[in-house]
Amino acid sequence: MEENDRFLVIPLKKASFLDYSTVLVKVSLLIVCFAVQLLIFSADVFSQQVVVGGKVRDQKGFALAGVSLNIKGTNISVLTDSNGSFNLKNIPSNSSLVVSFVGMTTQVVPLNGRTTLNVTLMEDVSDLNEVVVTAFGIKREKKALGYAVGTVQGALLTQANEANVINALSGRIAGVLVNSSSGQAGSSSKVVIRGNSSFGSNQPLYVIDGIPFDDSEMPGIANKSYEGPGGSSGIDLDANNIESITVLKGVAASALYGSKAAAGVIVVTTKNGKKGLPRVTFNQKFGVDNINQIPLQTDFAQGEFIGIAGQPNVPTYYEGENLRTSNSWGPKISDVPNAINYGKDRWNIFNQGSRRELNLTISGGTEKSNYFTSISQLNQQGILDPINFKRTNILAKYNTEVTNWLSGGFSINYVRSNSQTLFEGMNSAYSFMNQFLTTPNTYNPSPVYNSLGVQRWYTNTAGTNNYLWILENTKKTSTRDRFIPTADVKITLTKDLTLTGKVGLDYYNNFQDKFADNTSGRAGQTGIYEMQTNVYYNMNSDIMLNYKKKIGQKWVINAMVGHNIQNNKSVTDIILGKDFIIPGFASINNTQVRNPSHIIREISSVSLYNQIVVEYNKLFYYTFTGRNDWTSTLAPENRSFFYPSNSLGFIFSELLKSKAINFGKLRLSYAQAGIPAGPYLTKTQYDLASGGGITFPFNGISSYMLSSSPGNPGLQPEMTSETSIGLDMNFLQNRLGFEATYYKKISRNQLIYSDVSDGTGITGTMMNVGELQNNGVELTVFGTPIKTPTFSWDIRANYSANRNMVNKISDQMNRVPQAWGLVLEKGHPFPSINLLHMVQDNGDNGTGNYYVWDVPTDGRYGYYMRSDAVYSGYSKPVGKIEPDWYGSLSNTFTYKSFTLSALFTMQYGGLVHNMNEQYLGPIGMSVKTADRPLNNVIVWPGILARLDANNKLVSSGVVNTIPTSYTNSWPGNKGYRFWDKRNMESSDYIRLKDLTVAYRLPQETINKIGFIKGLNVSLTGNNIWRKLSDDYTGADPDFNLEGLSNASGVSIWMMPSTKSYTLSIGVVF
Amino acid sequence: MRLFKIKIIGIFIIINLLMSSCSKFLDHQENPNSPGSSKISEAVIFPAICAQWLQRLQSQMGGSLTWNLQQTVSNTGPTGGDLGLMSSNVTNQYFDAYTNILAQAKDLEGYAVKNGNTNYQGIAELLQAYGWASVTDFFGKVPYVESFQFPVIYHPRYDEQSVVYTAIEGLINKAITHLEDAKPQLIIGKEDLIFGGDKSKWIKLAYSLKARYAMRLSYAPGKTKAGQADIVLQALAKGMTATTDNAIFKHFDVTGSRGWAFEGQRGLSDGYIATIQNIKMMTTTNDPRLPIYFTKDYLGGYSGLQMGVLFSQTKKPSFVSRTTFMLPTSSSVFMTYAECKFLEAEAYIFKGNYASAKISFELAVNANLKALAVPQATINTFLAQFNFANNEEKAQEIVINQKYLANFYQTPEMHFDKIRTGYPIYDYTACYSSNLGTIRVPRQMPYCQGEVDYNKNVPVYTGTAQTNRNWWDAKPITANMY
């Protein structure tokens, strides 16, 4: 009795519970150690049991859970557990087992005295039955789920030829929007599932074989906007090792992960060895990448419009050596006798990028054990000389059944990723694309140096460099060594009860440095060498107790309780060095000024969770999950949170028994999940002092200063609730089908750092505010129009539309401006583009006219008028980044041994902020300036109007005839202060993302050859065709300067995207 | 059976381990990277506050230079268009006195009061006075009464400038009282980056700042010139008495320690361009500072660029010399003895005491020129030309013009004097570009974008910011004084 009481007390009493968590870590480690020891030393001790045990798998080698094994002629039957294992006791050795599972062909297996039986069930093609991976790697029949999941098989991932395999998800799953950040090798990939559900991070949780996998970005030392997005560590995944990626889209699917799961979960399952002789596969890929050029004007020379008072402006040529200007407002190049048009050939500086990928796997297994080892190397040479990306992956896995009640396995994954990139973004001194695109057509950047050894450049503007100099004298490198060891063990306690333990570690150290030499003769710059070392450690341990019971003929109950501990720690060391003693020697030791800093972050969490699945007669499947998280990042009184989920699958086709409808399921779900706060946000800190342009220690004196962003002790996690309803149907012997989902997500308590009025005495703080809503539909239609023994045609189309809306920020705030002119504003989607916008009256006054200043009083007359022009400064949202809809269409044709597949992806209705234009316009390099008035006089079309004293638009109704300066009316003039709707371009596109022709050597030929088991050859084109919106003039509408952050859709000075061709050869021995 | 037992025993071991108490797995809210308030003392935060003061000075100079001197444009020359201000042009640095110097000084005051250190308390109050003035002088109405009340008040109400100035006077008086408190207490040491711990100089600075802000109100409604002059003269009696009393921030030629003026212009190929106004003002008086302040133009003489005229590479005008104010080691100047004497001169003028005014004026000019190593004979010759002619307006113009040159590139007082008095007079008539229109040096800044975005109480202008006038900006002005 006493034992029971103590047992019950544990999970209910929160405060005392917390103390047990470290012990739990130890216990889980103990279990694993114990298990590993058993695996290694005790294999023989228990093997004499008189039982029949074994495993049931599908033909892909997946273990099948819930398979019924019935002793023929009796009522005795068992079900396989989640590992596909079963165990039957005291049965006649001459009996036969009837092995059956929905969607599989039933088999009758005579025992013939065997005590171990491994059964492979073949798919019954007449029925739909897919087993999918759900939370915690639990494999469930897809048809039993009350929510939508999307799965992409490994073969499609390798076919995409993406260095970052996350990019390969693009277009494959409805509701999943993937953006790459830049065309540089090694760039990040951003995934947003069912719209932005947080004002903070919207990145999904990555889980590999049950272990959380860090995908944070390595932005380098300074901020991303200034130097370009870094690579996200998700690039460490090797597509060659991936069996499948499952995206848990809805909150109901992901709720079991509790906090962190609000934005969805990407579950990666790696490959396992299969029973049989060692199987050796060798894959090799060769690829080439070609750049997509960015359009520029190529007709006009460097120069200025110069005039005398009262006279028209005349374009005047500046040759860039003695007469220098940043502008390309000169005459037509053809009209200047000595000018040469170098601009036409500027793109010749880019190379053809190349990729080489090697992968070798050896795998195999016995009745009880299997192993999988893989080594891969990717070597990507970028489109410019210093840019490259290299990655080596080594994976070794081993799984075994020690006895009929004990099984387990372990794996170790080592990754080394190494990238070398150029600066992107706003750092004009070192940003290659900035200098490259702004160079006047008539200026020859070569040679880099003049006869005095001083760098040549066409402009006097401080903080700029010759782009050829940048190529040779700047670089950013990142090297990451990563280890992911895991171990798991499973103990069958009784027939219905199993205990599973899993422990894993994600550990890496990432070394980054950035280097820019002392500039040769350019003003205002000293060399920089900055280095950063990140050590990241995330330990995860789960213990789960599973109970499965069939009650009568119709009811099945499957219950699980689990416990999770996570400890996440990262240590970052940064040294900022400046001023090289010896120019060109890139070492921190060679810098005259060094500023080190050391940053520790530690987050721990403890969780209890459970899942109950109740199945009735294969008709209803009800799932409940609950999870309580305790997190270290919040104050003790706020750190406990509970996240429930409910989902129901109703397979109504069971009732219909219709021949036309093969399958029909109605899905309903309601669930909650959250996002925790970051560490150290609850208390006010003192920072190391700075100010007035001086840095401490100053003259030997150091100091701390009060942080102007105080801590907030009342912080809570964000909470997202989602309701969804779905319908899945298959018709005509499964030749046609669809999956449709409608969801409504409300996210509250958003954690946001918001600035407040300086008058409050603080700059801003983290707070829980806001309500964000996402409504959306997802539709997947698939079909097989043609299917003959030699030819088949499969089609799959995805469509996703999401409507995002900020319902509320707080009682005090209706808007929070974000970086890059984006805004979070009540009543608008997040993020919206915020503009000091031109007054165009569709939206303002309703006639579609632009308004033009009618009174030449303040130097702005004749300009497009902006609503803020009379010093109000009020800007407003003018558009959204998120597309109205996005989708994909994939077609696969198979003829004998040939396969042709094409994947088109598309999106419509979103905007991007192409900030290149903001700079290229005012200097006359934008392609939009190609059609310019040669006297610099323009009469902007529009209606004369002005703003009255109350900022109300007062229109005279008169059509504008006032001539004004063309150059001065570019947004961005006046010191680049304005952002203009003209720089907001449509992100619509349709592109041929993958086109693959594959050939598989026929079996009979292989048999003749003898020494190989298979040979595949394929040729793939990626992004080889695209149609962008006519008004888009940037590098790629997919790009995202801010990498994984919400400030998507902003791009400035990014490396252009590429189109690629890859030849792939795979041999199996 | 044996197996069953092992299982049962295993479960109990787990349960027991669960039950036993253990260390605090979730307790790491304390930031290991920076200290909390329990570890802080006055001396640890004071150097940072000195740096924040420097930051205020720079922010003010940024605004003053851009609009008043019209020469911070790198190589395209001064353009009138840059005077067309909008909120989006006004970065928060002009307004963030709240979160840097005021918040920091209040924090210092808190520790000083707690520990009974009136020295630091007085300094903290004095710096708050400076902080309030630095923000209200640029913007007029600013949040005062409802400020510093987050999270109770997100949108502090804006108060009249007169309210803020009353507070400034109060803070300075309190600062003087606390600094003059002779009780034994913590001595200020080398953490004082302004006076190196010399308390007597803080007291002199407090009186001098009292004079500065009293003079600011000489035309304010409800005040009289003579009344303010009395306050100025009274305060200055205990103010700075020599150039060694100057409140300055010394810089060193080491990265991160250099002067702001040097850092600001080092990236420019030629430096800041001289304006026609500055050159004219100095050539008419045969000012010995001309070759010190400016470089020679392409013809070997001195010339400035007219606003609106495009800079020409081949016909370079004079540039602000990279020596006097622009050295890496040039000190940043908060207030000088010379300024005190100019204030005194103006106060005597308001009192009608032109003889005393002349003496103070000459002491002021002398102090400035001597610091620039101008020979005494040259100074005397230079001074001889100025005649107050017992005319208040004439005398004020002479004093303010010279004060402008003495403060040139040093303190933003030249900007606030221009607004208050109308001097020096700028000549806009030659502005050829129609773009310039009626643009003038702004009398006020539009509220910065941060306030527009986050404070719903931010006042909305009728008309333009540059014609909006401060409460103290009430001197009747003629067109050419604009």
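Preceding this section is the structure that the text describes.
Source: prediction; values computed, not measured. (Residues numbered from 1 in each chain as written. Chains lettered and ligands numbered in written order. Predicted model: local features only at pLDDT ≥ 70, side-chain atom pairs only at ≥ 80, totals over all residues. Heavy atoms only, no water.)

**Q** Can you help me understand the pattern of salt bridges in this one?
**A** Oppositely charged side chains can pair when the atoms bearing their charge come close. All names here are of chain B. Counted under the stated rule, the structure contains 53 salt bridges over all chains. Here Arg157 ties to Asp159 by a salt bridge, and the two come within 3.3 Å at their closest N and O atoms. With relative accessibility at 40%, the residue Arg157 sits in the partly exposed group. Note that Glu392 is salt-bridged to Lys225, the shortest N-O span being 2.7 Å. A residue pair is termed long-range when its members are at least 10 positions apart, and Glu392 in helix H14 (residues 392-407) and Lys225 in helix H7 (residues 225-236) qualify at 167 residues. When salt bridges that share partners are traced, they join Asp137, Arg212, Arg216, Glu339 and Glu413 into one network. (Salt bridge = Lys/Arg side-chain N within 4 Å of Asp/Glu carboxyl O. Buried < 20%, exposed > 50% of the residue type's maximum accessible area, 1.4 Å probe, protein only. Helix = DSSP H or I, 4+ residues; strand = E, 2+ residues; numbered from the N terminus.)

**Q** Whenever I open this one, the packing of helix H6 (residues 199-216) of chain B against helix H15 (residues 413-421) of chain B confuses me. Can you help?
**A** To characterise two packed helices, one gives the angle between the axes of the helices and the distance between these axes. Residues and elements named next belong to chain B. One way to put it is that H6 packs onto H15 with a least axis distance of 11 Å and a crossing angle of 30°. The angle between H6 and H15 falls in the class roughly parallel. Residues Arg212, Met215 and Arg216 of H6 form the contact with H15, whose participating residues are Glu413, Phe416 and Arg420. Here the residues of the contact of H6 with H15 are counted per class, giving two nonpolar, no polar and four charged. (Axes fitted to C-alpha atoms, helices over the stretch in contact; angles between N-to-C directions. Parallel < 35°, antiparallel > 145°, perpendicular 65-115°, else oblique. Contact = heavy atoms within 4.5 Å. Nonpolar A, V, L, I, M, F, W, Y, C, P; charged D, E, K, R; others polar.)

**Q** Is there a simple way to think about empty space enclosed by the protein in this case?
**A** In this approach the atoms are scanned with a rolling probe the size of a water molecule, which exposes any empty space left behind. Residues and elements named next belong to chain A. Taken as a whole and judged by the stated rule, the model has 16 cavities of 30 Å³ or more. Taken as a whole, the largest cavity encloses approximately 560 Å³ of empty space. If you trace the largest cavity, you find 37 residues lining it, with Glu162, Asn167, Ser180, Asn1023 and Thr1058 closest to the centre. A class-by-class count of the residues in the lining of the largest cavity yields eight nonpolar, 22 polar and seven charged. (1 Å grid on protein atoms, 1.4 Å probe; cavity = no way out; pocket = protein on both sides within 12 Å on 5 of 7 lines; lining within 4 Å. Points joined across faces, edges and corners; volume = space filled by probe spheres on them.)

**Q** What is the right way to read H14 of chain B from this model?
**A** An α-helical turn contains 3.6 residues, so any two residues separated by three or four positions project in the same direction. All names here are of chain B. Compared with an ideal rise of 1.5 Å per residue, which puts 16 residues at 22 Å, H14 spans 22 Å between its outermost C-alpha atoms and is within 8% of the ideal. Those residues of H14 that fall on the buried side of the exposure criterion are Ala395, Gln396, Ile398, Val399, Ile400, Asn401, Gln402, Lys403, Tyr404, Leu405, Ala406 and Asn407. After H14 finishes, the residue Tyr409 shows a positive phi value of roughly 60°. (Expected span 1.5 Å × (residues − 1).)

**Q** Where do I start with the side chain of Thr474 of chain A in this structure?
**A** Residues and elements named next belong to chain A. Of note, Thr474 is situated in strand E26 (residues 474-492). Exposure remark for Thr474: the relative accessible area of 3% places this residue in the buried category. Within the structure, Thr474 has its side chain in polar contact with the backbone oxygen of Ile470 (distance 2.8 Å). In contact with Thr474, not counting residues within four places along its chain, are Leu422, Phe423, Tyr430, Trp469, Phe515 and Ala516. (Polar contact = N/O pair within 3.5 Å; in protein donor to acceptor, adjacent residues only side chain to side chain.)

**Q** For this particular structure, what's the right way to read the environment of Thr479 of chain A?
**A** Residue and element names in this part refer to chain A. Inspection of the secondary structure assignment puts Thr479 in strand E26. In this structure Thr479 comes out as buried when scored by relative accessible area, which is 17%. Taking C-alpha positions, Thr479 is 4.4 Å from Asn418, a pair spaced 61 residues apart along the chain. If we ignore the near neighbours within four places in the chain, the residues touching Thr479 are Arg416, Ser417, Asn418, Asn509, Asn510 and Phe511. Here Asn418 takes part through its side chain, which lies 3.3 Å from a polar atom of the side chain of Thr479.

**Q** I'm lost on the sheet that holds strand E49 (residues 911-914) of chain A in this one. Help?
**A** Pairing between the strands of a sheet comes from backbone hydrogen bonds, and it takes one of two forms, parallel or antiparallel. All names here are of chain A. An order of E54-E49-E57 is seen for the three strands of this open sheet, with the pairing classed as mixed. Since the sheet does not close on itself, it has two edges, and those belong to strand E54 (984-986) and strand E57 (1050-1051), each with one partner. Pairing geometry for E49 and E57, over two bridges, is parallel. Among the inter-strand pairings, His913 is bridged to a residue of E57, identified as Val1050. (Pairing = 2+ DSSP bridges.)

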